[in-house]
Amino acid sequence: MQDIKELGLKELEDKLQSLGLPKYHARQIFKWIYQKGALDFNNMSDLPAALRKKLAGEFYILGLELADLQRSSDGTTKFLFELKDKNLIEAVNIPAARRVTGCISSQVGCKFSCQFCASSLKGFKRNLTVGEILDEALYLKNNTQQAELTHIVFMGTGEPLDNYEDVLKSIRMINSPYAFNIGARRITISTSGIIPGIKKLAGEDLQIELSISLHAADDKTRSQLMPVNKRYPLEALIKCCHEYIAKTNRQITFEYILIKGVNSSLPSAQNLVKLLKDLRLAKVNLIPANPITALKIIPPSKAEIGAFKECLFKSGINVTLRQERGQDIQAACGQLRLRYENK
Ligand code: SAH
């Protein structure tokens, strides 16, 4: 049995034609799966019965199963999924006024070992396939409450630019008017700063959003927090950001987790201003660290967070403070999966 979501529209059309069937059924099938959320070929009532049967014999639609679910008092819902090979991944629905953001994983585990992140604690297992990434999006779309799924962010487990081809293919499906039809500007890739991936992304004909997990503005602190900085240090990363902005004319969001005693002092804020001040289209998103006991990560006081933000703001940096969501359900990366794998 094959995952039908591994096939793009053209591939499905070709497949139907090879079976001696008209290719327009492909668009009908896409609509059923990606827009109406059908999980069973038998329910695709405008398809000939023989085709439904044939499809059901060759393909499956959803490859994952729900292993656990946690709903926060703020509506944020975290899903733990079991894949066909029994690996576990996480995805989260985050509702806000008239929007729902789906946060999805790109890999099983992570190889980048960021010191504040629970995703690496059990190491890296493998990349997710296009079908598995779309499984997450489909499940999230079918399980929102109140509003529709409007945004997708690759901020779950894994490094999307380390699984470049499959992530990009899945983004094209999420964006396609025949599939999920979510606007490119509502799709965000978040990266730890993989320079070759950012360069490649700048050449794609896709207006997607780019976030870079910065978390420190000096190489010493950043290399301690994020070992990937030794391979792609700040000077090269910021140079690459200049090139990205010049080529795409698109803004880059820099994510900055504030961790008590590590990167939240005023001198750290001043370093950040120096690093980013010449970037034409940049924004900083401050995130009070989600506490992870196993990693001794705790957020600074409200006063310290306020002073950090004020310093950036006064220096003319476009800065926002991310509202913390789902804290009561351990919605930070990798935390739910970790609880299970430690059992
Ligand atoms: N590998 C990619 C995407 C996954 S991480 C990246 O590095 O961007 C998605 C976001 O969650 C990143 O900004 C990451 O730094 C953040 N994150 C991880 N652990 C966190 C924690 N304990 N508290 C707050 N944010 C965290």
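Residues numbered from 1 in each chain as written. Predicted model: local features only at pLDDT ≥ 70, side-chain atom pairs only at ≥ 80, totals over all residues. Heavy atoms only, no water.

**Notes on the pattern of salt bridges**
Piece 1. Going through the model one piece at a time under the given rule, you end up with 16 salt bridges.
Piece 2. A salt bridge links E148 to K141, with the nearest nitrogen and oxygen atoms 3.6 Å apart.
Piece 3. Judged by relative accessible area, K141 falls into the buried class, the value being 16%.
Piece 4. Here K200 makes a salt bridge to E165, at a shortest N to O gap of 2.8 Å. Within this pair, whereas K200 is found in helix α6 (residues 195–202), its partner E165 is found in helix α5 (residues 164–175), the two being separated by 35 residues in sequence.
Piece 5. Shared partners join several salt bridges into a network, and the residues in it are D3, K5 and D135. (Salt bridge = Lys/Arg side-chain N within 4 Å of Asp/Glu carboxyl O. Buried < 20%, exposed > 50% of the residue type's maximum accessible area, 1.4 Å probe, protein only. Helix = DSSP H or I, 4+ residues; strand = E, 2+ residues; numbered from the N terminus.)

**Observations regarding the domain arrangement of the chain**
Piece 1. Domain boundaries assigned for the chain yield domain 1 (2–60) and domain 2 (64–341).
Piece 2. Each of domain 1 and domain 2 was reduced to a C-alpha centroid, and the two centroids are 33 Å apart.
Piece 3. Opposite the 15 residues of domain 1 that make contact, domain 2 presents 16 residues.
Piece 4. A combined buried area of about 1300 Å² lies between domain 1 and domain 2, and 60% of that area is made up of carbon and sulfur atoms.
Piece 5. Of all residues in domain 1, K5, Y34 and Q35 bury the most surface against domain 2, accounting for 45% of the area lost on that side.
Piece 6. Taken together, domain 1 and domain 2 are joined by 8 residue pairs in polar contact (both at pLDDT 80 or more). (Domains from an automatic or database assignment. Contact = heavy atoms within 4.5 Å. Buried area = accessible area lost by both parts, 1.4 Å probe. Polar contact = N/O pair within 3.5 Å; in protein donor to acceptor, adjacent residues only side chain to side chain.)

**What to know about the packing of aromatic side chains**
The way to describe two aromatic rings as a pair is by their centre distance and the angle between their planes.
Piece 1. Under the definition given, this model contains 6 aromatic pairs.
Piece 2. For the ring pair F79 and F81, a centre distance of 5.9 Å and an interplane angle of 5° mean the geometry is stacked. Here F79 matches F81 in class, with each residue buried.
Piece 3. Taken together, a centroid distance of 5.1 Å and an interplanar angle of 40° make the contact between Y256 and F308 tilted. Separated by 52 residues along the polypeptide, Y256 in strand β12 (residues 252–258) and F308 in helix α11 (residues 302–314) bring together distant segments of the chain. The residues Y256 and F308 share a single accessibility class, namely buried.
Piece 4. Cluster of aromatic residues (ring-pair linked, three or more members): F30, Y34 and F180.
Piece 5. The side chain of K36 reaches across the aromatic face of W32, ending 3.8 Å from its centre. (Phe/Tyr/Trp six-rings, centres within 6.5 Å; stacked < 30°, edge-to-face > 60°. Lys NZ or Arg CZ within 6 Å of the ring centre and 35° of its normal.)

**Side note on the side chain of T150**
Piece 1. You can see T150 is positioned in the loop between α4 (130–142) and β9 (151–154).
Piece 2. For T150, a relative accessible area of 13% gives the class buried.
Piece 3. Only 2.8 Å separates the side chain of T150 from the side chain of H151, close enough to count as a polar contact.
Piece 4. Here T150 is in contact with R98, R99, V100, I182 and R186, once residues within four sequence places are set aside.

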